[in-house]
Amino acid sequence: MSEEKPKIVFVLGGPGAGKGTQCAKIVDRFGFVHLSAGDLLREERAREGSEVGALIEDYIRNGKIVPVEVTCSLLEAAMNKSDKNKFLIDGFPRNQDNLDGWNRQMSEKVDFQFVLFFNCSEDVCVDRCLNRGKSGSGRSDDNMESLKKRIQTYNNDSLPIIKHFEELGKVKQIDASPSSDEVFSKVEEVFVQSGF
């Protein structure tokens, strides 16, 4: 990381809202680094000799949120490895514990910009995840049983976080139901207006 504090955008939305798809487009267009909390956790879980791999597996399989210290440490390590200074943090913070942990561990080290919130109906999200599972996403949680747990967790834990940031005037909300290109044209407006 350079001397300047890294600029951070949190990317939130329900399972299947299109966070990963849109992040890839933002990376191409605006030169951000995409850090997916879920991908970092999955990589760490699969890494040979990982001290926290089994713990992560247990949490993910049960649709629960991994302890925040683990996630923050993985995010910080990924930022330190990068030569860039603009990061999309996808799928984090997911609950109050995540937010508190981030504030303890990271808030002084970064320049938080805003939350990019992909708002999408539950039906659309479920269809997208099930289709992603059918087309061989390789994700152990793209099935109806895990999805029900993930959506419940999202509604109970993540929506209050989005409301918290809304009260601070820090949420840019995007309707994530249309096609990915239509959604991205709105995303583009947000980033250009924010000076990127």
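Keep in mind the model is a prediction, meaning the values are calculated, not measured.

Caption draft 1: Spotlight on the overall build of the protein. In terms of regular secondary structure, the protein is built from 8 helices and 5 strands. Beginning at the N terminus, the succession of helices and strands in the protein can be written as β-α-β-α-α-α-β-α-β-α-α-β-α. In terms of C-alpha radius of gyration, the protein reaches 16 Å, essentially the compact-globule figure of 16 Å for 196 residues. With the C-alpha coordinates of the protein rotated into their principal frame, the extents come out at 40 × 40 × 30 Å. Counting only residues that meet the buried cut, the protein has 43% of its 196 residues in that class. Surface accessibility of the protein: about 10000 Å² in total, with carbon and sulfur atoms responsible for 46%. Computing the positive centroid from 27 side-chain charges and the negative centroid from 32, the protein places the two 1 Å apart.

Caption draft 2: Fine view of the layout of surface pockets. Put simply, the largest pocket is a space of about 910 Å³. P15, K19, R94, R139 and R150 are the residues nearest the centre of the largest pocket, which is lined by 46 residues in total. Contributions of two or more residues to the lining of the largest pocket are made by β1 (7–13), α1 (19–30), β2 (33–36), α2 (37–46), α3 (53–61), α6 (122–134), α7 (144–167) and α8 (180–193). Residue classes in the lining of the largest pocket are distributed as 14 nonpolar, 19 polar and 13 charged. Put simply, the second largest pocket is a space of about 150 Å³. At the level of secondary structure, the elements contributing two or more residues to the lining of the second largest pocket comprise α2 and α4 (68–81). Broken down by element, the lining of the second largest pocket gets its largest block of residues, 4 residues, from α4. Looking at the lining of the second largest pocket residue by residue, the class counts come to 5 nonpolar, no polar and 4 charged.

What counts, and at which threshold
- Within every chain, residues take consecutive numbers counted from 1 along the sequence as written.
- In keeping with the model being predicted, local features are shown solely for residues with a pLDDT of at least 70 and side-chain atom pairs are shown and tallied solely at 80 or more, while totals for entire chains, interfaces and linings include all residues.
- Only hydrogens and water are set aside; all other atoms, that is, all heavy atoms of the structure, feed into the side-chain values.
- Where helices and strands are cited, they refer to DSSP runs of H or I of at least four residues and of E of at least two residues respectively, numbered from the N terminus.
- Each radius of gyration is computed over the set of C-alpha atoms, and the globule rule expresses the reference value as 2.2 Å times the number of residues to the power 0.38.
- The buried label goes to any residue with under 20% of its type's maximum accessible area, the exposed label to any with over 50%, and the partly exposed label to all in between, with areas taken from a 1.4 Å probe on protein chains only.
- Surface exposure here means Shrake-Rupley accessible area, sampled with a 1.4 Å probe, where a residue is shielded only by the protein chains that are shown.
- For this count, His and the chain ends are skipped, Lys and Arg are scored as positive, and Asp and Glu as negative.
- To locate a charge, take atom NZ for lysine, CZ for arginine, CG for aspartate or CD for glutamate.
- Buriedness for pockets is judged along seven lines, at least five of which must meet protein on both sides within 12 Å for an open set on the 1 Å grid over protein atoms alone, while cavities are sets there where a 1.4 Å probe fits but cannot get out, and lining residues have an atom within 4 Å of a point.
- Grid points are joined across faces, edges and corners, and a volume is the space filled by probe spheres set on the points.
- Nonpolar residues are Ala, Val, Leu, Ile, Met, Phe, Trp, Tyr, Cys and Pro. Charged residues are Asp, Glu, Lys and Arg, and all others, Gly as well, are polar.

Just geometry here; none of it tells us what the structure is for.
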